[in-house]
Amino acid sequence: MRPRILFAALFHESHSFLSETTTWNDFEVIRGAAILDKAGDESPTDGFLQAARRFDWEVVPTLAVLGLAGGPVDDAVFEGFWAEFAARAAEALSSGVDAVFAVLHGAMVTRSILDIEGEFLGRLRALPGAARLPIFGVLDLHANVSRRMCEHANALLTYRKNPHTDGKATGTRAAELLHRCLVEKRVPRMYRCRVPIVLAPPATGTQSEPMSALTQLASQLETTEPQIWGYNVAAGFSFADTPETGLTLSVITEGPLDRALPWLRAVADLAWSLRDRGVVVYPTAEQVLANTPEIPGRPILLVEPADNIGAGAAGDGTGILRALIGRDAQHALVALNDPRAVAHLVDLPIGAHCRLEIGGRGWSGDEGPVPIEAELQSRGSGQFRFEDPHNHLASATGAGFDMGPCAVIRTRSVTVLLTSRKTPPFDLGQFRSQGLDPERFSWIGVKAAIGHRQAYDPIAAASYYVDTPGPCSSNLGLLPYRHLRRPVHPLDAMTAPAPSYS
């Protein structure tokens, strides 16, 4: 008989320090057989579905609830997800299931539950017929991998790359491990090590230290040690305030914890030796603009991780816009999420001039909206397909994105793309869909930390991270942590690490 694989997805990166609550309406909800339509969209689900077809599995799709990063999730969202999933899963389990596959993030929190993935997996294990089933799946590289996740799952693979260009590939790899489990009738388990280090998102790129060295050593161990089914280096999501937040290592293998300890300790020791490489300090945008000449023919990037949309920020921070206007920067381009400004422009003719106040409403620490005189250059629907189907955002949304109604305005020498839905700047199709060629500008403001690099680095003459006001500041000492397990580097003075293993 064909193996029957129960499938579910629950995906959200939750920023604990945002005042907004993420509600059910902020998620894409896909039910039942409609999940199978994600085949071909380059997401982790696509990777799983294509592998399932190759292995001749019968996929039993239940529920997929997928959201972009934002504030803590309303408790009712998870309970609603669980109620519907449990009903669908119970029906499938009663007729027989061989395994479960889940696409998860690993840094989702609600107002009451700090480890949603661990809670979900624990409840799943308690369903009649699920106690002994192999549970495999996918986690984001920014997962805060918890003890409960590893206790209840057999094999959760994290992305290996940041930017997340390997979402689909990770879904495929995890499915291949499940195939091995079913064919060889050998069931692995997970062991983890939490290293007491929290990394700001800009320090989690896998093309630079410390993550480059850590992922390289983990891959080497995975290759040279046949008992290792998979080795994960999860950078963690520092804006999720949980006891488990931070850098975690996990090994998928058979046998006792004692066997996995040397593998975990090797990477943990390396991580501790590189801990200071994860501390980042940036100049202001004004300083960069004052000291950097334009480079003819190619843009210079001003990257502001403090307003990182991919980590949950509103995407309407005014720090870079103010700097560009204040320094009278020529041929500059920025994107701001401001549905109010877009609505104000909806009845104006193209070419009209008007007064606007844009940005500065999404975070209480911003200086507020910027008053400008603007010329309306164009309007658009905001829907676009990705130029790069393997970009960072595709791991969550598939092959395209909808920015909502958009408008392009020009104020002095700064061109502004106004969107109605915050849009992580991970694909150049965002601008080109609105008639803007980013390669023709001298300066581009980018509201990101790492996920933009796949698209923007190839066209840039230079790239500078800058310090602006915003809820995703890389100065983690500014965050009012309440649940984070301490001590932890770099927030506390530590002479030696105290990793925890489980």
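Residues numbered from 1 in each chain as written. Predicted model: local features only at pLDDT ≥ 70, side-chain atom pairs only at ≥ 80, totals over all residues. Heavy atoms only, no water.

Q: Describe the packing of aromatic side chains, listing the residues and the values that go with them.
A: Enumeration according to the criterion identifies 15 aromatic pairs in this entry. With 4.4 Å between their ring centres and 20° between their planes, phenylalanine 48 and phenylalanine 101 make a pair best called stacked. Residue phenylalanine 48 is found in helix α1 (residues 44-54), and its partner phenylalanine 101 is found in strand β4 (residues 99-104); the two are separated by 53 residues along the sequence. The buried category is assigned to phenylalanine 48, whose relative accessible area is 0%. Measuring from ring centre to ring centre gives 6.1 Å for tryptophan 82 and phenylalanine 120, while their planes differ by 75°; the resulting arrangement is edge-to-face. With tryptophan 82 in helix α2 (residues 75-95) and phenylalanine 120 in helix α3 (residues 116-126), the pair connects residues that are 38 residues apart, well separated along the chain. Phenylalanine 120 carries the same exposure label as tryptophan 82, and that label is buried. Grouped by ring-pair contacts, the aromatic residues Phe7, Phe48, Phe55, Trp57 and Phe101 constitute a single cluster. (Phe/Tyr/Trp six-rings, centres within 6.5 Å; stacked < 30°, edge-to-face > 60°. Helix = DSSP H or I, 4+ residues; strand = E, 2+ residues; numbered from the N terminus. Buried < 20%, exposed > 50% of the residue type's maximum accessible area, 1.4 Å probe, protein only.)

Q: Mind laying out the packing of α1 against helix α5 (residues 167-184), listing which residues take part and the relevant values?
A: For the pair α1 and α5, interaxial distance at closest approach is 6 Å and the crossing angle is 40°. As the angle between them shows, α1 and α5 are arranged oblique. Helix-helix and strand crossings are classified by hand; for α1 and α5 the assignment is right-handed. Contact with α1, carried on its side by Pro44, Asp46, Gly47, Phe48, Gln50, Ala51 and Arg54, involves Gly167, Lys168, Gly171, Thr172, Ala175 and Glu176 of α5 and no other residues of that element. When grouped by side-chain class, the residues that make up the contact of α1 with α5 number four nonpolar, five polar and four charged. (Axes fitted to C-alpha atoms, helices over the stretch in contact; angles between N-to-C directions. Parallel < 35°, antiparallel > 145°, perpendicular 65-115°, else oblique. Left-handed = near helix turned anticlockwise from the far one by under 90°. Contact = heavy atoms within 4.5 Å. Nonpolar A, V, L, I, M, F, W, Y, C, P; charged D, E, K, R; others polar.)

Q: Just give me the short version of the side chain of threonine 206, but keep the residues and values in it.
A: As for its placement among the helices and strands, threonine 206 is situated in the loop between β7 (189-195) and α6 (211-224). Looking at threonine 206, the relative accessible area reads 14%, which means it is buried. One polar contact links the side chain of threonine 206 to the main-chain amide nitrogen of asparagine 162, over a distance of 2.9 Å. The residues contacting threonine 206, other than those within four sequence positions of it, are Leu141, Arg160, Lys161, Asn162, Met211, Ser212 and Thr215. (Polar contact = N/O pair within 3.5 Å; in protein donor to acceptor, adjacent residues only side chain to side chain.)

Q: Please provide a residue-by-residue account of the state of the cysteines, values included.
A: Applying the stated rule across the entire model yields zero disulfides. No disulfide involves cysteine 354; its sulfur sits 16 Å from the nearest other cysteine sulfur, which is in cysteine 406. Cysteine 354 gets classed as buried once you look at its relative accessible area, which sits at 11%. Residue class for cysteine 406 comes out buried when judged on its relative accessible area of 2%. (Disulfide = S-S within 2.5 Å.)

Q: Describe the sheet that holds strand β1 (residues 4-11), naming the residues involved and giving the relevant values.
A: Taken together, the six strands give an open sheet; going across it, the order is β2-β3-β1-β4-β5-β6, and neighbouring strands pair in mixed fashion. Since the sheet does not close on itself, it has two edges, and those belong to β2 (27-31) and β6 (155-158), each with one partner. The mean angle between the axes of side-by-side strands here comes to 15°, regardless of whether they run parallel or antiparallel. Bridge count between strand β5 (residues 135-139) and β6: four bridges; the pairing is parallel. In the sheet register, phenylalanine 136 faces β6, and the bridge partner there is alanine 155. (Pairing = 2+ DSSP bridges.)

Q: Which residues make up the packing of α2 against α3, and what values go with them?
A: Relative to each other, α2 and α3 sit at 25°, their axes nearing to 12 Å. The orientation of α2 relative to α3 falls into the category roughly parallel. When you trace α2 past α3, the crossing you get is right-handed. On α3, the residues that touch Phe78, Glu79, Phe81, Trp82 and Phe85 of α2 are Ile116, Glu119, Phe120, Arg123 and Leu124. Each residue belonging to the contact of α2 with α3 can be placed in one class, and the counts come to seven nonpolar, no polar and three charged.

Q: Report on unusual backbone geometry, specifying residues and quantitative values.
A: Following asparagine 162, the chain continues into proline 163 via a peptide bond in cis, with omega recorded as 15°. Along the chain, proline 163 turns up in the loop between β6 and α5. Of note in the backbone geometry, lysine 185 takes a positive phi value of approximately 55° without being a glycine. Relative to the helices and strands, lysine 185 resides in the loop between α5 and β7. In this model, aspartate 328 sits at a positive phi of 55°, which is unusual for a non-glycine residue. Relative to the elements of secondary structure, aspartate 328 occurs in the loop between α9 (319-326) and β11 (332-337).

Q: For the side chain of threonine 253, give the residues involved together with the corresponding values.
A: Here threonine 253 lies in strand β9 (residues 247-253). Judged by relative accessible area, which is 0%, threonine 253 ranks as buried. Setting aside its immediate chain neighbours within four residues, threonine 253 contacts Pro188, Arg189, Tyr191, Gln227, Ile228, Trp229, Ala260 and Trp263.

Q: Which residues make up the pairing of strand β3 (residues 58-67), and what values go with them?
A: Counting buried positions along β3 yields nine of ten residues, so the element is predominantly enclosed. Bridge count between β1 and β3: eight bridges; the pairing is parallel. Among the inter-strand pairings, alanine 9 is bridged to a residue of β3, identified as alanine 64.

Q: Please set out the environment of alanine 329 residue by residue, giving values where relevant.
A: Tracing the chain through its elements places alanine 329 in the loop between α9 and β11. Setting aside chain neighbours within four positions, we find alanine 329 in contact with Leu289, Leu324, Ser413, Val414 and Trp443.

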